[in-house]
Amino acid sequence: MEDSKRKRREIESKILEKVGEVVSAIAEAKYVDQVICALHSIAVQLFPVDSSRLLGCIDSGFRNQLLSGGISSPFERDDWWHVFYHEAAFPTLARVLIYNVALDWLACFPLSARTQVYDSFFVKGPPIEVVQAIIPALLKNGSNKDTDVNVICSNAERILVLCLLGNNGMLQMAREFGILYSSEEFTNKMLKPDMLVFISKIAQLIASIPDKARLEAPAALSSAQFFKQVIIQLLAAAEERSVEICNKGEALDQSVSDGTFLFVGETFSRICRRGFADILLAEVVPRILGHVRGCLSSNIDFINHNLFKSKTNFQFWFKMIETIKDSYAVERLSEQLLHQLATEHVTDIEAYWILWILFHRTARNQASIRSIFVDKGLLWKVFPVCCLKWILQFAVLDCPPGSDSLKKGQNTQGLRDIVQRLLGVWSTRQFVQSAAMEQQAYVTAAVGLSLEQMSKEELETTKDVMPLILQGVSCRLESPDPLVRRMASCIALVFSKVVDPKNPLYLDDNCREETINWEFGFNRQPKQISASSDRIEKADDEVKSFLSELNKGVSSVDDDRKNNNVKGRHQMFSELKLVDPDEIVDPATLNNEYSSDEEDRDDDDDASENSDSSLQPYDLSDDDADLRKKVSQLVDLVGALRKPDDPDTVERALDVAEKLVRASPDELQHLSGDLVRALLQVRCSDLTIEGEEDSAEGKRQRALVSLLVTCPFESVAAVNKLLYSPNVDISQRILMLDVMIDAAQELANATSNRPRHQQRNLISTSEQPWFLPQSKGPPGAGLWKEVSETGTSLSWSYRYERDLPLKPSQIKTGKSRRWSLRSEKMQVNQLEYSKNKFPLYAAAFMLPAMQGFDKKRHGVDLLGGDFIVLGKLIYMLGVCMKCVAMHPEAMALAPALLDMLSSRDVSHHVEAYVRRSVLFAASCILVALHPSFVASALVEGNAEISKGLEWIRTWALHVAESETDTECSMMAMTCLQLHAEMALQAS
Amino acid sequence: MDTKRPPPDPIAVLRGHRASVMDVCFHSSRPLLFTGATDGELRIWDTVQHRTVSSSRVHGAAHGIIGVATSPLIGDNKVVSQGRDGTIKCWDIEDGGLSRTPSLIIKTNSYHFCKLSLVKKPSTCLEQTEDASSVNASVKKSGSTTEHPKNFCDMKAGETVNAAMLDGVDGGKTQGGSVSTEGPKYVAIAGSQSSEVEIWDLNTAERLACLPQICNESSSSNSTKARGMCMAVQAFLPPKLQGFLNVLAGYEDGSMVLWDLRNPGVPVTSVKFHSEPVLSLSVDEPCTGGISGAADDKIVLFTLDHQTGCCLVKKEISLQRPGIGGTSIRRDGKIAATAGWDHRIRIYNYRKGSPLAVLKYHSATCNAVSFSSDCKLMASSSEDTTVALWELYPPRT
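Residues numbered from 1 in each chain as written. Chains lettered and ligands numbered in written order. Predicted model: local features only at pLDDT ≥ 70, side-chain atom pairs only at ≥ 80, totals over all residues. Heavy atoms only, no water.

If you look chain B up in an unreviewed UniProt entry, it shows as Guanine nucleotide-binding protein subunit beta-like protein 1 from Protea cynaroides.

We count it as follows: UniProt positions are given in the numbering used here, feature names are shortened, and annotations may be inferred rather than shown by experiment.
The name that an unreviewed UniProt entry assigns to chain A is Telomere length regulation protein TEL2 homolog, with the source organism given as Protea cynaroides. The annotation that UniProt attaches to chain A under Subcellular location (unreviewed entry) is "Cytoplasm". Under Sequence similarities (unreviewed entry), UniProt gives the following word-for-word description of chain A: "Belongs to the TEL2 family."

In structure tokens, the structure reads:
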């Protein structure tokens, strides 16, 4: 012991001496050959150098010097090597090599000399030391951009590539750590915690290489490629090491702290932290998948945990996650793993086993890892539904899955806890209001899938589950979003199936399919990392085969049709054959056919029977379509609608209501209020058979719209009065708003012909003398000319004439006549084509509806429970605003609407639905205001308008920045854009 | 012979009435059609040209006409109209149409919905009676007599008018307007006591009989009253009982009663085929059967046996929608027609009771249906103010 130490110290001093010589020789060198010689002299002491290859490339004067260096024995050389690299000598020489030699001499080195006496110092050294020596050289870049630094850096990069990638440096390093860590010598010298720090320091250095490399660095040092190589080498080392450990018979559990594993884990965690978990997994997944598939294919009948535990090549995988100490890295890794497995389309069983292999130890031992799956995986993150299934199977159900569905294990306590936790989140109103839609769908799927696994007894014994489900379902069913309602009905269906499988509860007619689609339309396929072109090809093939099938189908249909035709013709022929034109037909026999059935009843004589046979019945089918009483008067209509006990009458009344109203009879004005009330109070669901409610609803809505269009003031007054009445329910309020929306749009798009005010010229203002005939007439008429009188010279009258073109009727006479005093031509001239009748009524539509939305009354609470009505109301106001776009009325109505929108209760309403409508209405205001109005308002200092517009901008900005609802933020962006456009036009 | 051929459309639609057309009736020999509407207008139509021959307001607009009738028995130039004003008016048919004033007015003082019925005489004995042409001039008031010779007095119109007018003045005061006639020139109607049937003489405008025959007494039998109002009536002369007027009456409770005027106190038979008021009755030409329509959902074909005095159901036809306002049997006894509240005219094989056609034309309740005596035409009238002419199963001649 003492002896070896002493010897080691001797060698050390020798080496230091030698290094000192070399360094000074290099410093004093005038020629490159001197440098080569100096380096050679120490190189030969350390490792075998092929001197003969150097001889050719240096000057003859130095050859002797080169050869003079004694070549030590291999054993001696080994000692030297050890001491050289593990003591202070190498760092010293390395610094000289990297900075001085590289800068001054390396460019002059012949290629063979560079590899022999320069690169080999690094390549043949232990990579741990080499890395520590080289990497700091990379750090120099960026400080100053002179060529010196560039030379040094590019050389360092080159050496790194050479050592780590070209020479399996990472593999060696990992091996070295394994040896170092377990060797007693090292244990004595260095405390384990220090060793850990050292390992992580090296890992950190390795992981930082791509960051430190310059932009011009070789492609191999770019993050993706470099890490990929590193990972491949490390994985190889780890597998090798695990086999080694197994062979030694050490139990895996005890050998947690193996140097190789530690290093690999540290490096992986750093790679993951840098965001390259996908690269790591791209290497890891195929390997594990290969192993798992091998196992699965060989043991289809019997798969359990022990099977995998017994395989030696799994040992590292069991420990891999454990070695990654950084929980953030593990989280990234697990997330990425799930996505990647989803894109690989692995089966449920494979996915389960992969998860199990990687995570089962850590998930059991470490709460933080468990919570990655159970909390984050279920509640915070959003994965594809297949991943959700895997998570549930692995982390919650904790047993291998069945062939095509989730399977429940022995221990259900975990499941019950999870269900309780999930429901706790899922059922809160706040979650419904504020969580993103994807998140909601995901959590709903998690709830549904885990509920499916529960039995009725478990459901009953688990605390709070039933009330929570009820609460969650009911608060979702109120939502205006059909998707949210569907989530509720899916959960209700699952729940009802658990409670009573024979009696499923369908809240929604649309989702009656057997298996619920938990995706809810969100197809979350992350980007594929490995572009699997073969899959695309497969898809192509599928498409092609599908097409060919389709073609076949078409042609077969064609064939069928042809066959049918042929058959049909055959049949016709055969039928035709039956009728022989020459056959003698006895009329009596024909008659017998018809009267045979009568004989039994009819006791009359033959004569009467024969005569009866002439009484052949006509088609006796009868329907009662014409029997329904028609409602033809408005008064009758109102009366008929108010007969809830006579559904037929109400239905008939609804049928004719729109027509009657559109006819716009005189009494409509007086009856419109009554009619509005009567129509609104009809209960369509009561009077129609199931499945036809929609048509009745549609008729009612159209009738109301027509009422509002034909008789706006009176009807709208009635509607607005009812809008806040406590006697109507939400559906009626929504109906009213819908009707107002439709009516406003219809009025806005209405076209009407109105005779234009005709200006009559006074005699004095006309250009031509009054006594001349007017120049009216058909186009093409010539000028008036005075006709010279031939008779008497004295004439009291003037006569004029002009040429007229032929009337169209003289050429071609048409049959249609227009019953009018005025000609068609005149009408065209006198008619004014007017559009948009709505501005006249806009105030009547909007102002009453805006009053009192914030008052809470009996049965009316728009800001609270009836938020759907509020959203609809604001939407309606927005539509109205749009309908008065560019009219002066918009300017008058905008401030009131802006005032309503900007109130805090509305603009910051908890429900995204309301916020969306506010954004819509705000956008409508921006669209509706004529830029010139805006400009003049700003100039005149119209505070309301300018303040309101500014509010829109700031608020939209706020929403765009901090909104959870994606649709809201999108709309806010649009709103901002509109604002910008308006501002541009107004300025 | 396609059994699936669609039902025929009317060959003509006679428009002109401004109110619901209550009754329709063909002239026995000339191509004329008489129609009466609820606004009191009586129209005569030419069934060849499909044009109005004449139109006259024969009853008050407020009351309207409920029935019109002609019969060879009362003369080819006469038509009888019944109004809801409690009168029956007999009119002469002149060249240009109707006489300006009725030849006879009977004040029946009955206000109800029962259409009058002239006496129906089997065609076989029609000739005999015409030959006999003898009328019992001495009319017995409220006749308890069972025998009424069918002597036919060929009185002049003017005389009739005078007599009627005189009688109208007198009788209206004294008898409360219920007169009945027996014999060919009689008319049967529901009486002023609506549960009774009265027979009036069209010559004298006097009431001949009252069925049940207690009408002059203060109390009427409970059994009759229990039947409720008389809703339909049909008078006829069964061929085998020479000249003894029989009356078949349908009542509010759905029962039908056959009276023989020889014994007006007690009905020959009483049957109840319907569960709702009997609204119309028709007896076929040989007077051995008939058809009845009611407010319930069935039509009953029945047979009458005058020897045993019984009335039996031959066939019961159930309907989808209740209410038959009018029935008629064609003279050749082959088909029968019903006018339904469901706007349909239905044609049946009268012998077998099998349905032959459902005629959809009218857009409101059908009030009456009638066949022409030559069996070629059928007319239907409806609340939709139209009269439709149909040509169905024309006789093979």
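1. Brief notes about the overall build of chain A
Stated formally: Helical segments are the DSSP runs of H or I of at least four residues, strand segments are the runs of E of at least two, and each set is numbered from the N terminus. Per-residue accessibility, obtained with a 1.4 Å probe over protein chains only, is compared with the maximum for each type, and a residue is labelled buried under 20%, exposed over 50%, and partly exposed between these values. In this analysis, two residues are considered to be in contact whenever any of their non-hydrogen atoms come within 4.5 Å of each other. Computed by Shrake-Rupley with a 1.4 Å probe, the accessible areas treat only the displayed protein chains as cover when residues are assessed.
Helix and strand content of chain A: 47 helices and four strands. By residue count, 44% of the 987 residues in chain A fall in the buried class. When contacts within chain A are restricted to residue pairs at least 6 apart in sequence, those whose partners lie at least 24 apart make up 73%. Approximately 52,500 Å² of chain A is accessible, and the part contributed by carbon and sulfur atoms is 53%.

2. Focus: the nonpolar core
All names here are of chain A. Operational definition: For this analysis, a nonpolar core means a set of buried residues of the types Ala, Val, Leu, Ile, Met, Phe, Trp, Tyr and Cys, connected via side-chain atoms within 4.5 Å.
In terms of nonpolar packing, the biggest core is built from 179 residues, with Phe 84, Phe 109, Phe 121, Phe 122 and Phe 263 touching the most fellow members. Every residue in contact with Phe 122, bar those within four places of it in the chain, is listed here: Phe 90, Ala 94, Leu 97, Ile 98, Val 130, Ile 134, Ile 159 and Cys 163. Among the nonpolar cores identified, the runner-up in size contains 107 residues, and Ala 748, Phe 838, Ile 874 and Ala 921 belong to it.

3. Some points on the sheet that holds strand S23 (residues 324–329) of chain B
Residue and element names in this part refer to chain B. Spelled out, the test is: At least two bridges found by DSSP between two strands are what make those strands a pair. A fitted line through C-alpha atoms serves as each axis, taken over the contacting stretch for helices, and the angle formed by two N-to-C directions is quoted from 0 to 180°.
As summarised here, the arrangement of the four strands in space is S23-S24-S25-S26, forming an open sheet in which the pairing is antiparallel. Looking at the sheet topology across the chains shown, the edges are occupied by S23 and strand S26 (355–360). On average, adjacent strands in this sheet sit at an angle of 20° to one another, irrespective of strand direction. As paired strands, strand S25 (residues 344–349) and S26 are joined by five bridges and run antiparallel to one another. Bridge pairing in S26 links Ile 345 to Leu 359.

4. Quick notes on a nonpolar patch on the surface
Residue and element names in this part refer to chain A. Counted only if it meets this: Note on patches: the residues involved have over 30% relative accessible area and no salt bridge, like charges join within 9 Å, and the nonpolar side chains Val, Leu, Ile, Met, Phe, Trp and Tyr join within 5 Å. The rule for a salt bridge is simple: a side-chain nitrogen of Lys or Arg has to be within 4 Å of a carboxyl oxygen of Asp or Glu.
Taken together, the side chains of Leu 477, Leu 505 and Leu 507 make up a nonpolar region of the molecular surface, amounting to roughly 230 Å² of accessible area. Mapped onto the secondary structure, Leu 505 falls in the loop between helix H27 (482–499) and helix H28 (533–578). Exposure remark for Leu 505: the relative accessible area of 39% places this residue in the partly exposed category.

5. What to know about the confidence of the model for chain B
Residue and element names in this part refer to chain B. Let me state the cut-off plainly: Per-residue confidence from the prediction method is given by pLDDT, with values spanning 0 to 100.
Residues with a pLDDT of 70 or more make up 80% of chain B, whose mean pLDDT is 80. In the model, residues 124–183 has pLDDT below 50 throughout and makes 134 contacts with residues more than four positions away in sequence or in other chains. In the predicted complex, the global pTM is 0.53; the interface-specific ipTM is 0.71.

6. Description of the pairing of strand S6 (residues 65–69) of chain B
All names here are of chain B. With five of five residues buried, S6 lies mostly within the body of the structure. In this sheet, strand S7 (residues 78–83) lies alongside S6 in antiparallel orientation, the contact comprising four bridges. Pairing of Gly 67 across the sheet is with Gln 82, part of S7.

7. Remarks on the pairing of strand S5 (residues 51–57) of chain B
Residues and elements named next belong to chain B. Bridge count between strand S4 (residues 41–46) and S5: six bridges; the pairing is antiparallel. By the bridge assignment, Leu 42 is partnered in S5 with Ser 56. Here S4 hands over to S5 after four residues, with His 50 in that stretch at a positive phi of 60°.

8. A closer look at the pattern of salt bridges
Within this structure, the stated rule accounts for 32 salt bridges over all chains. The partner of B:Lys120 in a salt bridge is B:Glu285, and the shortest N-O contact between them spans 4.0 Å. Here B:Glu285 lies in the loop between strand S19 (278–283) and strand S20 (289–294) and B:Lys120 lies in strand S11 (residues 117–120), a separation of 165 residues in the sequence. B:Glu285 matches B:Lys120 in its accessibility class, with the two residues each being buried. Via salt bridges that share partners, A:Glu331, A:Glu335, A:Lys376 and A:Lys381 belong to a single interconnected network.

9. Some remarks on the environment of A:His887
Residues and elements named next belong to chain A. Within the secondary structure layout, His 887 lies in the loop between helix H41 (867–883) and helix H42 (888–902). Between the C-alpha atom of His 887 and that of His 930, which follows or precedes it by 43 residues, the distance is 7.4 Å. Look past the residues within four positions of His 887 in its chain and what remains in contact with it is Asn 836, Pro 839 and Phe 933.

10. Notes on helix H32 (residues 647–662) of chain A
Residue and element names in this part refer to chain A. Using the following cut-off: For a helix, the expected span equals 1.5 Å multiplied by the residue count minus one. To obtain the bend at a residue, axes are fitted to the seven residues ending there and to the seven starting there, and the angle between these axes is taken.
Here H32 contains 16 residues, and its C-alpha end-to-end distance of 23 Å stays within 8% of the 22 Å for a straight helix at 1.5 Å per residue. At Val 656, H32 shows its maximal bend, which comes to roughly 40°. Here H32 has its buried residues at Thr 649, Val 650, Arg 652, Ala 653, Leu 654, Ala 657, Leu 660 and Val 661. Positive backbone phi, approximately 50°, marks Ser 664, located one or two places after H32.

11. Side note on the environment of B:Met378
Residue and element names in this part refer to chain B. Counting through the fold element by element, Met 378 comes out in strand S28 (residues 378–382). For the pair formed by Met 378 and Ile 11, sequence separation is 367 residues and the distance between their alpha carbons is 9.9 Å. Once you skip the residues sitting within four places of it in the chain, Met 378 turns out to touch Phe 26, Ala 337, Ile 345, Ile 347, Leu 359, Val 369, Ser 370, Phe 371, Ala 388, Leu 389, Trp 390 and Leu 392.

12. Remarks on the packing of H42(A) against helix H44 (residues 912–928) of chain A
Residues and elements named next belong to chain A. Note the cut-off: When describing relative orientation, an angle under 35 degrees is termed roughly parallel and one over 145 degrees roughly antiparallel, while 65 to 115 degrees is termed roughly perpendicular and anything else oblique. Whether a crossing is left-handed or right-handed is set by the direction in which the near helix is turned from the far one by less than a right angle, anticlockwise for left-handed and clockwise for right-handed. Residues are grouped as follows: Ala, Val, Leu, Ile, Met, Phe, Trp, Tyr, Cys and Pro are nonpolar; Asp, Glu, Lys and Arg are charged; every other residue, Gly included, is polar.
Two numbers describe how H42 lies on H44: the axes approach to 10 Å, and their chain directions differ by 155°. One finds that H42 runs roughly antiparallel with respect to H44. Of the two elements, H42 crosses H44, and the hand of that crossing is left-handed. Along the contact surface, H42 presents Ala 890, Ala 894, Leu 897, Leu 898 and Leu 901, while H44 presents Val 918, Ala 921, Ala 922, Ile 925 and Ala 928. Across the contact of H42 with H44, the residue classes tally to ten nonpolar, no polar and no charged.

13. Re helix H33 (residues 668–681) of chain A
Residues and elements named next belong to chain A. For H33, with 14 residues, the first-to-last C-alpha span of 19 Å sits near the 20 Å given by 1.5 Å per residue. At Asp 674, H33 shows its maximal kink, close to 30°. Residues Leu 668, Leu 671, Ser 672, Gly 673, Leu 675, Val 676, Ala 678, Leu 679 and Leu 680 constitute the buried set of H33.

14. Some thoughts on the packing of H41(A) against H42(A)
Residue and element names in this part refer to chain A. Across the interface, H41 lies against H42 with an axial gap of 11 Å and an inter-helix angle of 160°. With respect to H42, the element H41 is oriented roughly antiparallel. As H41 packs across H42, the resulting crossing turns out to be left-handed. Contacts between H41 and H42 involve Leu 870, Leu 873, Ile 874, Leu 877 and Met 881 on the former and, on the latter, Ala 890, Leu 893, Ala 894, Leu 897, Met 900 and Leu 901. Of the residues contributing to the contact of H41 with H42, the split by class is eleven nonpolar, no polar and no charged.

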